[in-house]
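Residues per chain are reported as follows:
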There are 4 protein chains.
Amino acid sequence: MVIVINKNTPQEKISILVKQIEKRNITVHVSNGVAYCVLGLIGNTSNIDSHSFEAYDFVEKVISVKEPFKMVNRLFHPEDSIVNIDGKTIGGEKLAIIAGPCSVENEEQIVSIAKSVKKSGAAFLRGGAFKPRTSPYSFQGLKQEGLDLLLKAKAATGLPIVTEIMSISMLDRFVQDVDMIQVGARNMQNFELLKELGKTNKPILLKRGLSATIQEWLMSAEYIMSEGNENIILCERGIRTFETYTRNTLDLSAVLAAKKLSHLPVVVDPSHAAGMWWMVEALSKAAVAVGADGLIIEVHNDPENALSDGEQSIKPERFDSLVKELKSIASINSKAI
Amino acid sequence: MVIVINKNTPQEKISILVKQIEKRNITVHVSNGVAYCVLGLIGNTSNIDSHSFEAYDFVEKVISVKEPFKMVNRLFHPEDSIVNIDGKTIGGEKLAIIAGPCSVENEEQIVSIAKSVKKSGAAFLRGGAFKPRTSPYSFQGLKQEGLDLLLKAKAATGLPIVTEIMSISMLDRFVQDVDMIQVGARNMQNFELLKELGKTNKPILLKRGLSATIQEWLMSAEYIMSEGNENIILCERGIRTFETYTRNTLDLSAVLAAKKLSHLPVVVDPSHAAGMWWMVEALSKAAVAVGADGLIIEVHNDPENALSDGEQSIKPERFDSLVKELKSIASINSKAI
Amino acid sequence: MVIVINKNTPQEKISILVKQIEKRNITVHVSNGVAYCVLGLIGNTSNIDSHSFEAYDFVEKVISVKEPFKMVNRLFHPEDSIVNIDGKTIGGEKLAIIAGPCSVENEEQIVSIAKSVKKSGAAFLRGGAFKPRTSPYSFQGLKQEGLDLLLKAKAATGLPIVTEIMSISMLDRFVQDVDMIQVGARNMQNFELLKELGKTNKPILLKRGLSATIQEWLMSAEYIMSEGNENIILCERGIRTFETYTRNTLDLSAVLAAKKLSHLPVVVDPSHAAGMWWMVEALSKAAVAVGADGLIIEVHNDPENALSDGEQSIKPERFDSLVKELKSIASINSKAI
Amino acid sequence: MVIVINKNTPQEKISILVKQIEKRNITVHVSNGVAYCVLGLIGNTSNIDSHSFEAYDFVEKVISVKEPFKMVNRLFHPEDSIVNIDGKTIGGEKLAIIAGPCSVENEEQIVSIAKSVKKSGAAFLRGGAFKPRTSPYSFQGLKQEGLDLLLKAKAATGLPIVTEIMSISMLDRFVQDVDMIQVGARNMQNFELLKELGKTNKPILLKRGLSATIQEWLMSAEYIMSEGNENIILCERGIRTFETYTRNTLDLSAVLAAKKLSHLPVVVDPSHAAGMWWMVEALSKAAVAVGADGLIIEVHNDPENALSDGEQSIKPERFDSLVKELKSIASINSKAI
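Residues numbered from 1 in each chain as written. Chains lettered and ligands numbered in written order. Predicted model: local features only at pLDDT ≥ 70, side-chain atom pairs only at ≥ 80, totals over all residues. Heavy atoms only, no water.

Caption draft 1: The arrangement of the nonpolar core in detail. Within the largest apolar cluster, 332 residues are counted, with the highest numbers of intra-cluster contacts made by Leu252 of chain A, Leu252 of chain B, Leu252 of chain C together with Leu252 of chain D. Ignoring sequence-local partners within four residues, the contact set of Leu252 of chain A consists of Val268, Ala286, Ala287 and Val290 of chain A together with Leu252, Leu283 and Ala286 of chain C. (Core = buried A, V, L, I, M, F, W, Y, C linked by side-chain atoms within 4.5 Å. Buried < 20%, exposed > 50% of the residue type's maximum accessible area, 1.4 Å probe, protein only. Contact = heavy atoms within 4.5 Å.)

Quick look at the structure:
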């Protein structure tokens, strides 16, 4: 950590600050430059809130050298993590394909889509039971019944199921019945929820918040891991920018950054990123080319009558041909579906 | 609502779509232009998800004319709402000053700050008991004990208390003891929490999410109001932009927009917006000049040793002189503290 | 174009506005809804500035249906444009690889890199002679001498040269000696420069501005084309967002959008987007997978001593192996290098 | 400057880098931490491009301590700069009001508006002669004739004139006839233009680019000042963010930041920031309250028929009453109109 101090500050004030810091067993190296006096802090600064020093009126700024995340940091865990989900894996040489409708609508729909995506090569079934919607007047999901139907689809296909949790009150049910619990972008900093999920050992699919920095995203993963649950998969799903042509802006460089900074697997959600069905295939190919560990794709047999997100869902036949193309690209990065 | 259709679309397909829409008792006006065929939908379109039409491959885009929010819409409620909080009001000709430390730290601290800010002119006491922190290793607040201490400070001063809720599990306690319940920026789209708050009649201070559009912010207020609770105060607290010199970018035009689009009072949080104590006074004056209905300001007697957010807290003496200046500016906008 | 009018507006005022619009040979369709009165304008509205209607105090908002660009619009030119640059092409089934150093530094450097990238498969040589730098104290390029050296590299390899223009005063020299003139992100809305370039018939590589919407980017292309020059290649090079880990955020969905909305070829610059050499290869692969018509990549034989942008340049041997991988991915999209 | 090095780097490589840096007369302080090896550079690092070190594959990141701007830096020029414009001043205890139409349209228009705004208290007349427009089909200004008309308005009122330059080719005319030359947001990084303006001694109104950081904005001022021209006024005019309700987001904290980091006066343009006439008055008051040194406001006698930006222009009578309110607020900050 580096503390930059106004050069007109009385030596006395600086000394008091230095002593305070040294009390925490940190060595302070003082450099007097032309423009500033600079304090270099050497030692274990990880429990210090760097911003707190900015409360001193003579401190110009504080610069952190070290990342604030520990358990998810690749520095201390150089190998890729591989997460096991009901016998299947995400991470390493595997390219995981998660597919299914935005919302579970009825038994016939979810079971038939599940069978279809499995046949095409999907390893996991997605489907929303509890739906976060911007409007209170929009369809909010089938809720508990939706979970029941997902279980039927799992029974029919063997595909592990992935679905979003919206409240701690549903945790027991999710732990019992869901194979990978999704934390949506809007709840990425619902810290109470993260802590509770950290106390389970369920695989967690942690979506990046709409305007979360990569560091904040990894800190949310740290919330889960610091409670004991190491089964975390990150999911890049587009960020909010000034561009409104697409629903969000897919940030594929974030996949590279997250994989460099942490050891966790990273999957990509091209459906929510673009918000337009006709972009999903091309963005899926790009995500695999950049080196993502998997994809989560919305597939619907009748998008025009879908109860939610029909505009960003692709039809089963397109999904089928897409998976074939993805296999070729994955092999260039030494991955296999 | 306006649906823009690719001009090469067979008439048959358009007719099917038009009939589907008409079934919902909506009149469709078809205009055939040079570049596009345009459908104008007239009638009650408020329950239609405009994006759903984009699932049709011949639909180029869908444009909403009407705002999706209803109960918070000024269109149907032209007068300003005034919210009553334990005998005091926010909205109308009142400029409400909410002040106090970021976190409640101990009895001496919260009681003395409460007395001090009251003397300077604050009408409400703020103080965090449950703290949302980016890092799991940062101070998370005194929690229940923090609420106990807030009650002591209220007993000593009579100031109604404002504090943040982070989980539905704490709702009963908050309803019993807190005068205005704050929903933080990170929970602005924690829809389960919003619905539960909507079932109470407690005043809710709804902070704008880090990257929430004004429309999304009002939709979150709609979540609360649609459950029955009309006591909502909006709070602009800075948005995330490309500029990193400040913690966030205070968006004062959002105050004007929110007050035009809705009838709810809007207060401003200059402390979180700037993230720097030396900006708080100037931004407070700007917020009052623009026409905000109140301010929520972090005040700490010893910012350098604060357990959180010391860098953005001002000292009681500066707060005292600030309130005097605010009174002059408020009077120009026909408001009084 | 749709004009939304406040429902309390006197009929008289609306009639005056309608008559004014009809004078321009536009048909106005009036719909009186519950919340608003809506005017639908049918006819040639392309020369009308939609915002101008917002000067009326009874107009709530104005919504454009049609894109404001014409000559670059795919609607009126459905086939892909293919641009010929000194005998080579960009667009269609060709994947164009443009490579070379950020700055031309000396003859030995530029000639040797040119030979190297040609051998690896590049079809064009890039190299900056006039450099836009944030700081006036940074290396500003070899200027005219840089152009001389580019010509030597062209003579030695036959590769057409691509370099950035920064001022109209250099136009004659560029038209004479440069094969494809680059307009940098910072000059995307230097309209005087665009107009002058539109009067030449030189191929123009138009980079997207740091925070330019896709529509603004296409409007800048329209500036060039409306003056007569149809040889335009668009270049996505990353946009500015809240995320600062990467220099910019590469927006691959913009490639898809620009190709859908316009008929122009689109290339991608992964070097400037990421600003980090170790991301360049992966992002290049993603760009080809998404369907870009080409890449412009910074290659330097000695990045550690480069006079500019060494941090985002890859070495010739990595470029060589990258091109091999790109060929495989390109073939999936029916493109060849 | 601080260079963070991967802890697995061979000592030999680090030594070579350290020696290279020391050759530039910079002292290097090496700290070996648990996670990283950190090099602290002490001395005159202002001519070093910090990013260049990131080209080394063992360098994790480079952190600058010092700001890259010198002549505009308040550190070396603690007093506020006051700029003299044809006998009037901007900066210090003066609140400068610049007002006038977006575009000069005809003699009657510009002269009558000039008289009107002068009477209300404006000290400078603005009016566009050369207009940067997103569309090549929009009105581009009266150009040279516009300048002629501005001179007539100046002759009639004595108000110094402010207008935008778009090309170096017009520089001689502007130096001769214009009192303060405006550099628009889109040209903030047109470095060739900045350098030429730096060679004059004309006052320059430098608008902040749409997505320019405060540091980039000050670096553009440094471009001008490093060529010898010290007469620079900064202008905050709104930045591009995700919010699209307003045309831009007015960033009033940037006024505070620019005034702290530099000694230059800062004025605010509420008209372009909001893009809506009904927000202009409130934002003007906020800008004065925050401590801006002036305002530049669009005033038009007939906004509904303005040739450009009518939607964001206020009428003379509203401007008149606004100036009265601004005087009261200015006095709180010890400023006078």
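Structure shown, so let's carry the discussion forward.
Caption draft 2: Focus on the interface of chain A and chain B. Taken together, the contact pairs 46 residues of chain A with 46 residues of chain B. Here chain A meets chain B over a buried area of about 4,000 Å², counting both sides, of which 51% is carbon and sulfur. Linking chain A with chain B are four salt bridges, by the criterion used here. Put simply, Arg240 of chain A and Glu216 of chain B hold a salt bridge, and the shortest N to O gap is 2.6 Å. Taken together, chain A and chain B are joined by 21 residue pairs in polar contact (both at pLDDT 80 or more). Listed by contribution, the elements that provide at least two residues to the side of chain A that touches chain B are α5 (191–198) and α6 (214–225) of chain A. At four residues, α6 of chain A tops the list of elements feeding residues into the side of chain A that touches chain B. Taken together, the residues of the side of chain A that touches chain B break down into 16 nonpolar, 16 polar and 14 charged. (Buried area = accessible area lost by both parts, 1.4 Å probe. Salt bridge = Lys/Arg side-chain N within 4 Å of Asp/Glu carboxyl O. Polar contact = N/O pair within 3.5 Å; in protein donor to acceptor, adjacent residues only side chain to side chain. Helix = DSSP H or I, 4+ residues; strand = E, 2+ residues; numbered from the N terminus. Nonpolar A, V, L, I, M, F, W, Y, C, P; charged D, E, K, R; others polar.)

Caption draft 3: Summary view of the sheet that holds strand β10 (residues 180–183) of chain D. Residues and elements named next belong to chain D. Taken together, eight strands build a closed barrel; the order of strands is β7-β8-β9-β10-β11-β12-β13-β14 and the barrel is parallel. Each strand of the sheet is rotated relative to its neighbour by a mean of 30°, with strand direction disregarded. Inspection of the sheet shows strand β7 (residues 96–100) paired to strand β14 (residues 294–298) by five bridges, in the parallel sense. Residue Ile98 lies in a different strand from β14, and its bridge partner there is Ile296. Set on the sheet, helix α5 (residues 191–198) makes contact with β9 (161–165), β10 and β11 (204–207); between it and β10 the angle comes to about 165°. Packed on one face of the sheet, helix α7 (residues 252–261) meets β12 (232–236) and β13 (266–268) and runs near 170° to β13. (Pairing = 2+ DSSP bridges. Axes fitted to C-alpha atoms, helices over the stretch in contact; angles between N-to-C directions.)

Caption draft 4: Region of the structure containing the relation of the copies chain A and chain B. For the pair chain A and chain B, the relating rotation is 180°, the translation along its axis is 0.0 Å, and the fit reaches an RMSD of 0.0 Å. What the superposition gives is, in effect, a two-fold axis relating one chain to the other. The rotation axis passes nearest to the C-alpha of Ser211 of chain A in chain A, at a distance of 3.1 Å. Taken as a fraction of all interface residues of chain A, those also at the interface in chain B reach 100%, which identifies the copy contact as same-surface. (Least-squares fit on C-alpha atoms with pLDDT ≥ 70 in both.)

Caption draft 5: Highlighting the domain arrangement of chain A. Considered domain by domain, chain A is made up of domain 1 (2–63) and domain 2 (74–332). For domain 1 of chain A versus domain 2 of chain A, the separation of C-alpha centres amounts to 43 Å. (Domains from an automatic or database assignment.)

Caption draft 6: Region of interest: helix α7 (residues 252–261) of chain B. Counting buried residues along α7 of chain B, nine of its ten residues qualify, which places the element largely inside the surrounding structure. Within α7 of chain B, the full set of buried residues consists of Leu252, Ser253, Ala254, Val255, Leu256, Ala257, Ala258, Lys259 and Leu261 of chain B. Buried residues in α7 of chain B make contact with α6 (214–225), β12 (232–236), β13 (266–268) and α9 (277–290) of chain B together with α7 and α9 (277–290) of chain D.

Caption draft 7: Expanded view of the interface of chain B and chain D. The interface is formed by 35 residues belonging to chain B together with 35 residues belonging to chain D. Interface area for chain B against chain D, summed over the two sides, is near 2,800 Å², with a carbon-plus-sulfur share of 74%. Linking chain B with chain D are two salt bridges, by the criterion used here. Across the pair Arg208 of chain D and Glu243 of chain B runs a salt bridge whose closest N-O atoms are separated by 2.9 Å.

Caption draft 8: Spotlight on the UniProt feature "domain: DAHP synthetase I/KDSA" (unreviewed entry) in chain A. The UniProt entry lists residues 90–329 of chain A under the feature "domain: DAHP synthetase I/KDSA" (unreviewed entry), expressed in the numbering used here. Along residues 90–329 of chain A one finds 41% helix and 15% strand; the C-alpha atoms at either end are 17 Å apart. (UniProt positions renumbered as here; feature names shortened; annotations may be inferred.)

Caption draft 9: The arrangement of unusual backbone geometry in detail. One non-glycine residue, Lys143 of chain C, lies in the positive phi region at around 55°. Structurally, the position occupied by Lys143 of chain C is in the loop between β8 (124–126) and α3 (144–157). According to the relative accessible area criterion, Lys143 of chain C is partly exposed, its value standing at 34%. With a phi close to 55°, Asp309 of chain D is a non-glycine residue in the positive phi region. Checked against the element boundaries, Asp309 of chain D lands in the loop between β14 and α10 (316–332).

Caption draft 10: Geometry of the relation of the copies chain B and chain D. After a rotation of 180° and a shift along the axis of 0.0 Å, chain B superposes on chain D with an RMSD of 0.0 Å. Here 100% of the interface residues in chain B have copies in chain D that are interface residues too; the copies meet face to matching face.

Caption draft 11: Structural detail: helix α5 (residues 191–198) of chain C. Residues and elements named next belong to chain C. Burial runs high along α5: seven of the eight residues are buried. Taken as a whole, α5 has its buried residues at Phe191, Glu192, Leu193, Leu194, Lys195, Leu197 and Gly198. On its buried side, α5 packs onto β9 (161–165), α4 (171–177), β10 (180–183), β11 (204–207) and α6 (214–225).

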